[in-house]
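Secondary and tertiary structure notes
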Amino acid sequence: MAAGCREDPSLERHFKGHRDAVTSVDFSLNKKQLASGSMDSCLMIWSMKPQMRAYRFVGHKDAVMCVHFSPSGHLVASGSRDKTVRLWVPSVKGESTVFKAHTATVRSVHFSSDGQSLITASDDKTVKVWTVHRQKFLFSLSQHLNWVRCARFSPDGRLIVSASDDKTVKLWDKTSRECIHSFCEHGGFVNHVDFHPSGTCIAAAGTDNTVKVWDVRMNRLLQHYQVHSAVVNSLSFHPSGNYLVTASNDSTLKILDLLEGRLLYTLHGHQGPATCVAFSRTGDLFASGGSDEQVMVWKTNFDAADCGEVLKTQKSGMSSIIPEDGTHQTLTVSILEQRLTLTEDKLKECLENQQKIIQNKAS
């Protein structure tokens, strides 16, 4: 779809009910519910149906820092400054199970895509992985030297990414539990990190006002955006992998076109810092929260061409690369993969030929 045919995003509705800054937002799979956490110690479940009442879940003894719906939508996880994680059933009863996950504030909760595991990150400098069933502790990742702000599973569940105030973003192998790479290039630290739907790259929201996209196979910087004028708090990939939405202390949300490597839209809605943002699982909606205690729901609109392509594009995932001269060059990851494989094959061939020559000389 040509940029000229693109429809602008629009504010669909906004929810008021929190009594302090909103810290986190997430849609259920069917988009019928939206969860939000707040410094007011409450979790709210908003119904996307008009005139339906919201549920206010009370249980945490301190600020709720993070919320995440399970892939099925049958559970909502929340992490709090009270050092606990709660798993809620998002219905009128608001039943929950609670477990003491960490020895300090829990900053991040995230379900694996199969819904079997839960990853938590904390100010106690650790990342922990749990079973969702019975909340059994599985293992801990403890190489960070400062608070861990965010931790995510890769879409295929094989990798984990974590971001810390020690100014590193670490990539972990879930099976071996080893740190396979540390990205240390941010001027500040990273508030939020997430995987591209293809699992081939990650995006990081920095306190140095930047957004960076890294390739996790070659461990190199793909894109570097300097579009915000203050700390970037949160980001979310569109399920097609073609767009990224960001939320910043400069009070704006920004939509980035990852294929063209440029800023597409700046959205003004919140009074004061925009603290969190998340696309729905289908990408036709996104929600944002702010220090103004408001939760806003936006209609995406600009992705009309991508909506039908979501599944197709996820298979071939695209990213744009910044060569040394700084100009943007857009390459599909699949082409890049083919090229890398070709290069590896040629290298292998050369080495084998070299061995033969050496052996021939020796004989």
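Each value, and the rule that gives it
Residues numbered from 1 in each chain as written. Predicted model: local features only at pLDDT ≥ 70, side-chain atom pairs only at ≥ 80, totals over all residues. Heavy atoms only, no water. Helix = DSSP H or I, 4+ residues; strand = E, 2+ residues; numbered from the N terminus. Buried < 20%, exposed > 50% of the residue type's maximum accessible area, 1.4 Å probe, protein only. Contact = heavy atoms within 4.5 Å. Areas by Shrake-Rupley, 256 points an atom, 1.4 Å probe, with all protein chains shown as cover. Phe/Tyr/Trp six-rings, centres within 6.5 Å; stacked < 30°, edge-to-face > 60°. Disulfide = S-S within 2.5 Å. Pairing = 2+ DSSP bridges. Axes fitted to C-alpha atoms, helices over the stretch in contact; angles between N-to-C directions. Core = buried A, V, L, I, M, F, W, Y, C linked by side-chain atoms within 4.5 Å.

Some remarks on the overall build of the protein chain
For the protein chain, the count of helices and strands is three helices and 30 strands. Of all 363 residues assigned to the protein chain, the portion counted as buried reaches 55%. Sequence separation of at least 24 residues holds for 45% of the intrachain contacts in the protein chain that already meet a minimum separation of 6. Accessible area for the protein chain stands at about 16400 Å²; split by element, carbon and sulfur atoms hold 50% of it.

Digging into the packing of aromatic side chains
Scanning the model with the defined rule gives 10 aromatic pairs in all. Aromatic side chains Phe-15 and Trp-46 sit 4.9 Å apart centroid to centroid with 20° between the ring planes, which places their arrangement in the stacked category. Taken together, the residues span a long stretch of sequence, with Phe-15 in strand 1 (residues 10–16) and Trp-46 in strand 4 (residues 42–47) at a distance of 31 residues. In this structure, Phe-15 and Trp-46 share a single accessibility class: buried.

Side note on the state of the cysteines
A complete count under the given rule lists zero disulfides for this structure. Left without a disulfide partner, Cys-66 is nearest to the cysteine sulfur of Cys-150, which lies 9.0 Å away.

Overview of the sheet that holds strand 16 (residues 169–173)
Here we have four strands laid out as an open sheet, ordered 14-15-16-17, and antiparallel in their pairing. Unpaired on one side and paired on the other, strand 14 (148–153) and strand 17 (178–183) mark the two borders of the sheet. Pairs of neighbouring strands in the sheet enclose a mean axial angle of 20°, with direction left out of account. Alignment of strand 16 against strand 17, held across five bridges, turns out to be antiparallel. Bridged to Val-169 within strand 17 is Phe-183.

Points about the nonpolar core
Leu-253, Ile-255, Leu-267, Phe-286 and Phe-302 are the most contacted members of the largest nonpolar core, which has 15 residues in total. The set of elements that each furnish at least two residues to this core consists of strand 23 (243–248), strand 24 (252–257), strand 25 (262–268), strand 26 (274–279) and strand 28 (294–299).

So, the sheet that holds strand 12 (residues 127–131)
With antiparallel pairing, four strands are arranged side by side in an open sheet as 10-11-12-13. Edge positions in the open sheet fall to strand 10 (106–111) and strand 13 (137–141), since each of these has one partner strand only. Ignoring strand direction, the axes of neighbouring strands in this sheet form an average angle of 20°. For strand 10 and strand 11 (residues 117–122), the ladder comprises five bridges, and the chain directions are antiparallel. Looking at the pairing, Phe-111 lines up with Leu-118 of strand 11.

Some details on the pairing of strand 7 (residues 76–80)
Where burial is concerned, most of strand 7 is hidden: five out of the five residues are buried. With burial as the criterion, each face of strand 7 is covered, one bearing Val-76, Ser-78 and Ser-80 and the other bearing Ala-77 and Gly-79. When strand 6 (residues 64–69) meets strand 7, the two strands line up antiparallel, connected through five bridges. Among the inter-strand pairings, His-68 is bridged to a residue of strand 7, identified as Ala-77. In this structure, the hairpin formed by strand 6 and strand 7 is closed by a connection of six residues, where Gly-73 is found at a positive phi of approximately 90°. Both strand 7 and strand 8 (residues 84–88) contribute to a ladder of four bridges, which runs antiparallel. Counted as the bridge partner of Ser-78 is Arg-86 from strand 8. The turn joining strand 7 and strand 8, which pair antiparallel and follow one another in sequence, is formed by three residues; a positive phi near 75° is taken by Lys-83.

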